[in-house]
Amino acid sequence: MENICSFVSIVGGQCGHDRRDRNRTTGCMPLLSCERDINGHKAMFLFHDIDNEIELILARASIFSSPRNIDQMTICPAHRASLGIGWTRRVPDKCRIPSILSDHSEDVTKRPKADRGLSKAGSQTVLQESGIFLAVGSGL
């Protein structure tokens, strides 16, 4: 497979290995081959409305419905980790909803602690309403 995946043009960054992979595997694979169990990840970040790893990766790349060319899309280990179950919230773990959509302070340190994660539908709504993309699982 090629060494540059489909997600470079969508989310940027560089293709490469998953930083947690001791073998440093860099080869790209078809997106449709992504079948990791995401249930533990969903429970940890307290979000819903995502059923599988492919849907999770696409939603974290701000793609909320299946693209026509999904069967031609590839993903490298680095993008799979950063968009899939290797994704983590930024520190501090505060509510990430933009102040134009909430009554929270502009100062992130003064916002309430996040007690659940942003759903796929919520991520799409925030993007449509504010133009700001928040990944599925971001703190609410």
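Residues numbered from 1 in each chain as written. Predicted model: local features only at pLDDT ≥ 70, side-chain atom pairs only at ≥ 80, totals over all residues. Heavy atoms only, no water.

Here we look at helix α3 (residues 53–60)
Within α3, eight of the eight residues are buried, which leaves it mostly tucked inside the rest of the structure. Residues of α3 that are buried make contact with α2 (39–45), β2 (74–75), α4 (77–83) and α5 (120–130). In this structure Asn52 caps α3, since a side-chain oxygen of it lies 3.2 Å from the backbone nitrogen of Ile54. Once α3 ends, the next one or two residues include Ser62, with phi positive near 60 degrees. (Buried < 20%, exposed > 50% of the residue type's maximum accessible area, 1.4 Å probe, protein only. Helix = DSSP H or I, 4+ residues; strand = E, 2+ residues; numbered from the N terminus. Contact = heavy atoms within 4.5 Å. Polar contact = N/O pair within 3.5 Å; in protein donor to acceptor, adjacent residues only side chain to side chain.)

Focus on the nonpolar core
Most often, soluble globular proteins keep nonpolar side chains buried together rather than apart. If you look at the biggest cluster of nonpolar residues, it comprises 15 residues, and the most contacted ones within it are Phe7, Leu31, Ile57 and Leu58. Leu58 has contacts with Phe7, Leu31, Ile63, Pro67, Ile70 and Met73, leaving out every residue within four places of it along the chain. Ranked by size, the runner-up nonpolar core spans nine residues in total, among them Ile38, Phe45, Phe47 and Ala135. (Core = buried A, V, L, I, M, F, W, Y, C linked by side-chain atoms within 4.5 Å.)

Some details on the packing of aromatic side chains
A complete count under the given rule lists two aromatic pairs for this structure. Measuring from ring centre to ring centre gives 5.2 Å for Phe45 and Trp87, while their planes differ by 70 degrees; the resulting arrangement is edge-to-face. Residue Phe45 is located in helix α2, and its partner Trp87 is located in the loop between α4 and α5; the two are separated by 42 residues in the primary sequence. The pair Phe45 / Trp87 is uniform in exposure class, with both members buried. With centroids separated by 6.5 Å and ring planes inclined at 50 degrees, the aromatic side chains of Phe64 and Phe133 adopt a geometry described as tilted. A residue pair is termed long-range when its members are at least 10 positions apart, and Phe64 in the loop between α3 and β2 and Phe133 in the segment after α5 qualify at 69 residues. Of the residues examined, Phe133 reaches a relative accessible area of 31% and is grouped as partly exposed. (Phe/Tyr/Trp six-rings, centres within 6.5 Å; stacked < 30°, edge-to-face > 60°.)

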